[in-house]
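Breakdown of the fold
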Amino acid sequence: MNSEMSAWLRVLREGDQPRARLVCLPHAGGSASFFRPWLAHLPGDIDLLAVQYPGREERFNETRIACLASLAEHISQALLNLPIRPLWLFGHSMGAALAYAVGVQLEAAGFGAEHVFVSAHPPPHRQPLSDLHRQDDAALIADILRQDAEATGLWDNPQLRALFLPTLRSDYQAIETWRPAQLDRLAAPIDVLLARADTDVGLDQARAWADLSEHTPDIRQFDGDHFYLKQQPRPVIHHLLQRTAYLQGDSV
């Protein structure tokens, strides 16, 4: 990867002859490091990359991008710059919307993903209207804590709140203002993962992802809330490997 494109992609593991490349797209306010624990459960012949949006971690001083279409374009260009490998996209929450948008752009360029996984988010045509990015800090933080009670310590700290809230607000603006004029159907399968206790997306919304793929989506529910990934990375990865036919009766 050249220096310009590598800023968008954190390489968590890259082998000499990988069977596939798994690229993960984080949630609003999230960073590439969110997916580092997956290394312990992913087979060694699967490359693991995570998208790093500007405004966090090593890109903290870069200008944030509050437009999901623009984010998708940058990410797509970074992926197109890589050597060709079988590609799986996995996006959680805001990252799920981006995984679909990136999948559309990659297919338009002739290098589509083999499989797209969308986690904990409805498709764009079933996304409820929201304007939390325009509301005060308390409302925004309350929404985060509603989804992730474990984050209380971060948002109770005034210094950390001042550091991270602008990035979170920018991400909320990106997803809340994303209303694509055209909804393209992906040639790649779209599979849906969601948590049983997640109040932000239900089965009816999950089924609507079928409108955006030539394949009938597989819908898999996991125990937990919106951030179920934190508690059970192993079963999530096992499910991904089964759905991509990496596993054929094996275990990881």
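To be clear, the structure that these remarks concern was listed above.
Below is a short write-up of the structure. In this text, all values refer to a predicted model and were calculated from it rather than measured experimentally. (Residues numbered from 1 in each chain as written. Predicted model: local features only at pLDDT ≥ 70, side-chain atom pairs only at ≥ 80, totals over all residues. Heavy atoms only, no water.)

Turning our attention to the sheet that holds strand β6 (residues 190-195). One open sheet accounts for 7 strands, arranged β1-β3-β2-β4-β5-β6-β7; its pairing is mixed. Edge positions in the sheet fall to β1 (9-13) and β7 (219-222), since each has one partner strand and no second. Ignoring strand direction, the axes of neighbouring strands in this sheet form an average angle of 20°. The sheet contact formed by strand β2 (residues 20-25) and strand β4 (residues 87-92) spans 5 bridges and is parallel. Its bridge partner lying in β4, V23 is registered against L89. Strand contacts of helix α3 (residues 94-108): β2, β4, β5 (115-119) and β6, with the helix running at about 150° to β4, the strand carrying the most contacts. (Pairing = 2+ DSSP bridges. Helix = DSSP H or I, 4+ residues; strand = E, 2+ residues; numbered from the N terminus. Axes fitted to C-alpha atoms, helices over the stretch in contact; angles between N-to-C directions. Contact = heavy atoms within 4.5 Å.)

Before going further, it helps to spend a moment on a nonpolar patch on the surface. A surface patch of nonpolar side chains, about 290 Å² in accessible area, is lined by L80, I84 and F111. Position of I84 relative to the elements: it lies in the loop between α2 (68-80) and β4. You can call I84 exposed: its relative accessible area is 63%. (Patch = residues over 30% accessible without salt bridge, like charges linked within 9 Å, V, L, I, M, F, W, Y side chains within 5 Å. Areas by Shrake-Rupley, 256 points an atom, 1.4 Å probe, with all protein chains shown as cover. Salt bridge = Lys/Arg side-chain N within 4 Å of Asp/Glu carboxyl O. Buried < 20%, exposed > 50% of the residue type's maximum accessible area, 1.4 Å probe, protein only.)

Following the sequence through the fold, D143 ends up in helix α4 (residues 137-147). A distance of 2.6 Å separates a polar atom in the side chain of D143 from a polar atom in the side chain of Y172. Not counting residues within four places of it along the chain, the set of residues in contact with D143 comprises L132 and Y172. (Polar contact = N/O pair within 3.5 Å; in protein donor to acceptor, adjacent residues only side chain to side chain.)

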